[in-house]
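# Understanding the architecture of this molecule
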Amino acid sequence: MTKVATNLKLQAIVVGGSADEFVRNTMSLLEDCGIESVLCEDVYSAVGKLSAKKGASGVVIGRLGKLSREQGRFFHIASGNGFVCCCLVDKDLAGRRRQVMDAIETGAFVVAEPAEIEEVLAELLGGGGARSGEQKGSGKALTGIGSVVEKILTGGQDGPSGNDRTSKFLKSEFLTTKEELDALFGA
Amino acid sequence: MGAADRPIYPGREGQGILLTGDISTAFFDADDIAAGGCEVCPNMLDAIDAAARKSFAAIGVVMSGTSGKLVSALRALRENCDARIVLLAQMSEEPRAMQLVGASYNGRSVADDYLICPVRFSALLTRISHFFVDTAVRDRLGGGAVGSAAVDAATEKKIRQLEKLATEDDLTGLKNRRYIWEFSRQIIERAKKEDRRVTLLVFDVDNLKHYNDLYGHPAGDEILKQVAVLIRRCCRNHDVVGRIGGDEFAVVFWDTAQRRAGGAQSERRSATADHPIEAISIAKRFVKELGDAELDLLGPEGKGVLAISGGLASFPRDGSTIEELFRQADKALLEAKRSGKNRIYLVGKPQSDISDID
């Protein structure tokens, strides 16, 4: 793994159970990146941590199912506290349309592979943490992550893996709009 | 409500009260609450966020609609603020509210108290104020600037006594008829919405008049108390048990959220009668324990003489209202009596005693 170059103080909150391999790997990745992190079992606990860290530049990482509790309200609270969310949706993508849209509308990153978390961190550390207002909100340009868009295009099925797969996170290539995502999900 | 009419909230100077959840289900005067300066967060996550940023004297949490996430949310509130937490429970949620108040988290109870709703907002203020009666705040509130919320410990104690008198049977300590009816009505409404089952057992003590006549009414009272202890011991914590008449008792068996989510075990039915097997098992255990009970007051005659006759009715199978369920269960009870007593009949299955069900 390449150590992410840091030019910004970033804090992280990881939401999930400590038994979850994705959570353990993410905590480990954050440590390798020198990013201060805390583990919260659920979004309720995470909200308290967010409020305590208000004003800091941070990221909340967790599975989409965990972060989208309470009708996606957590994404708004995180965003309001200056944190950007990064959610993993590695299964049943087609069935989670509403949740994906809730996340993306608040400027969250949605990834379909755990490995993409590192790329999101690199983006955040290089680009100034939470996304600017013009990148968020309905009617504005929204960001889908490469593998997520790819999965949507393949009908929610897992795409090709390994070298065949376009897993490299290139935000600009997948910059899309809410309307376009609606069309993709509807397809 | 104008600023001058706003109540003086208990708590430290400048602290307010935060309410979370659908307050229209909890308060008769919900419309006036927001106008009165009380902060309201419909969503639990927003409430935790608000509580972490701002100091509140107390937080009222509407339990309805929170289901399984409530414990996690309450723990998060505890971690992030010092406010007192009062659960706003429907009658059917009282057993769970009691559990949460009794449960410990980091050396404190998960919630400080609960209130059965719907109530007026002033009732919550009264309940909250007793947390502060022993603090310097009491002096502020009691020193001539007493607001509607300020009550002393003696008043609070009286209120609790009145609540108890209104809902409990003083002889047995079980719930009274009024409570059983209201609880049943609420739990059936909830069962209709959430596709759950409710089972009602109505029973009375066989030959109580005989014991009263032979040994006197104090002996009859002792029998009723003994029956109450045994039925309560046999039931699950969340089942509601009451004495609804002289020697007549009722038990309301209902599915909690956890049991419903539990899958196959909670979905088991009696093969013969489509009644929940859990309720039948509990009733059978109760009948057995009753038969084994020793009643010293009755002397040599006091062992193995206690028996009951009952009727068991289930929602939605045997009725869609509490009146229908009671009518059906009473009918089955009478059939059990006519058939020789000491048995519990299932509604809709004439001569079907629960002891015949495996």
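For the structure itself, look to the data block above.
All residue numbers refer to position in the chain's written sequence, counted from 1. To read the labels, note that chains go from A and ligands from 1, taken in the order they are written. Where totals are concerned, whole chains, interfaces and linings use all residues; where local detail is concerned, this predicted model gives features only for residues with pLDDT of at least 70, and gives and counts side-chain atom pairs only at 80 or more.

What follows concerns the overall build of chain B. By the criteria applied, helices consist of DSSP H or I runs no shorter than four residues and strands consist of E runs no shorter than two, each listed in order from the N terminus. Each helix and strand in chain B was counted, giving 14 helices and 12 strands. Partly exposed residues are those whose C-beta has more than 12 but fewer than 20 other C-beta atoms within 10 Å; with 20 or more the residue is buried, with 12 or fewer it is exposed, and the C-beta atoms are placed from the backbone. The 358 residues of chain B split such that 42% are buried. Working definition of a contact: two residues with C-beta atoms, positioned from the backbone, lying within 7 Å. Contacts spanning at least 24 positions in sequence make up 66% of the contacts within chain B whose residues lie at least 6 apart.

On to the interface of chain B and chain A, then. Contact residues are listed per partner, giving 14 residues for chain B and 13 residues for chain A. Looking at the side of chain B that touches chain A, the element that brings in the most residues is helix 2 (residues 44–53) of chain B, giving seven residues. Three classes are used: nonpolar for Ala, Val, Leu, Ile, Met, Phe, Trp, Tyr, Cys and Pro, charged for Asp, Glu, Lys and Arg, and polar for all others, with Gly counted as polar. Here the side of chain B that touches chain A is built from residues that sort into six nonpolar, three polar and five charged.

All names here are of chain B. Only the contacting stretch of a helix is used when fitting its axis, a line to C-alpha atoms as for every element, and angles between N-to-C directions run 0 to 180 degrees. Two elements in contact, helix 10 (residues 217–234) and helix 13 (residues 277–292), have axes whose closest approach is 9 Å; the angle formed by their N-to-C orientations is 145 degrees. Here the hand of the crossing between helix 10 and helix 13 comes out right-handed. Here helix 10 contributes V227, L230, I231 and C234 to the contact with helix 13, which in turn contributes I282, R285, F286, E289 and L290. By residue class, the composition of the contact of helix 10 with helix 13 is seven nonpolar, no polar and two charged. Rotating anticlockwise by less than a right angle from the far helix to the near helix defines a left-handed crossing, while the corresponding clockwise rotation defines a right-handed one.

As a further point, take the sheet that holds strand 1 (residues 11–15) of chain A. Residue and element names in this part refer to chain A. Within the open sheet, the five strands sit side by side as 2-1-3-4-5. Their pairing is parallel. Looking at which strands have only one partner, the edges of the open sheet turn out to be strand 2 (36–40) and strand 5 (109–111). Taking each pair of neighbouring strands and ignoring which way they run, the sheet shows an average axis angle of 20 degrees. When strand 4 (residues 83–88) meets strand 5, the two strands line up parallel, connected through three bridges. Strands were regarded as paired on the criterion that DSSP finds at least two bridges between them.

With an omega of 5 degrees, the peptide bond running from F315 of chain B to P316 of chain B counts as cis. Its place among the elements puts P316 of chain B in the loop between strand 11 (308–315) and helix 14 (322–338). Its identity is not glycine, yet Q71 of chain A carries a phi of approximately 55 degrees, on the positive side. Note on placement: Q71 of chain A falls in helix 4 (residues 69–80). We note that K341 of chain B has phi near 65 degrees; this positive angle belongs to a residue other than glycine. Secondary-structure assignment places K341 of chain B in the loop between helix 14 and strand 12 (344–346).

What follows concerns the sheet that holds strand 10 (residues 248–254) of chain B. Residue and element names in this part refer to chain B. Read across the sheet, five strands follow the order 9-10-8-11-12 without closing on themselves; strand pairing throughout is mixed. Both outer strands of the open sheet, strand 9 (240–243) and strand 12, are each paired with one neighbouring strand and no more. This sheet shows a mean twist of 20 degrees between the axes of neighbouring strands, independent of strand direction. Pairing of strand 11 with strand 12 involves three bridges; the strand directions are parallel. Across the sheet, the residue bridging to G310 is I344, located in strand 12.

Attention shifts here to the pairing of strand 9 of chain B. Residue and element names in this part refer to chain B. With burial as the criterion, each face of strand 9 is covered, one bearing V240 and G242 and the other bearing V241 and R243. With four bridges joining them, strand 9 and strand 10 adopt antiparallel strand pairing. Paired with V241 across the bridge in strand 10 is V251. Between the end of strand 9 and the start of strand 10, which pair antiparallel, lie four residues.

Membership of the largest hydrophobic core comes to 144 residues, with the highest contact counts inside it found for C85 and C86 of chain A together with I48, A51, V252 and L312 of chain B. Those residues in contact with C86 of chain A that lie beyond four places of it in its chain are V59, I61, A108, F109, V111, I117 and V120 of chain A. Nonpolar cores are identified as sets of buried Ala, Val, Leu, Ile, Met, Phe, Trp, Tyr and Cys residues joined via C-beta atoms within 7 Å.

Okay, helix 14 of chain B next. Residue and element names in this part refer to chain B. In this scheme, a helix's expected span is set at 1.5 Å multiplied by one less than its residue total. In a regular helix each residue adds 1.5 Å, so 17 residues correspond to 24 Å; helix 14 covers 24 Å between its end C-alpha atoms and thus fits that length. Taken as a whole, helix 14 has its buried residues at I322, L325, F326, Q328, A329, A332, L333 and A336. For helix 14, the angular spread of the buried residues around the axis is 165 degrees, confining them to a single face. Turned more than 90 degrees away from the buried face of helix 14 sit E323 and R338, all of them exposed. Residues of helix 14 that are buried sit in contact with helix 8 (177–194), strand 8 (198–205), strand 11 and strand 12. Looking at the residues trailing helix 14, positive phi occurs at G340, about 120 degrees. Directions from the helix axis toward the C-beta atoms define the arc.

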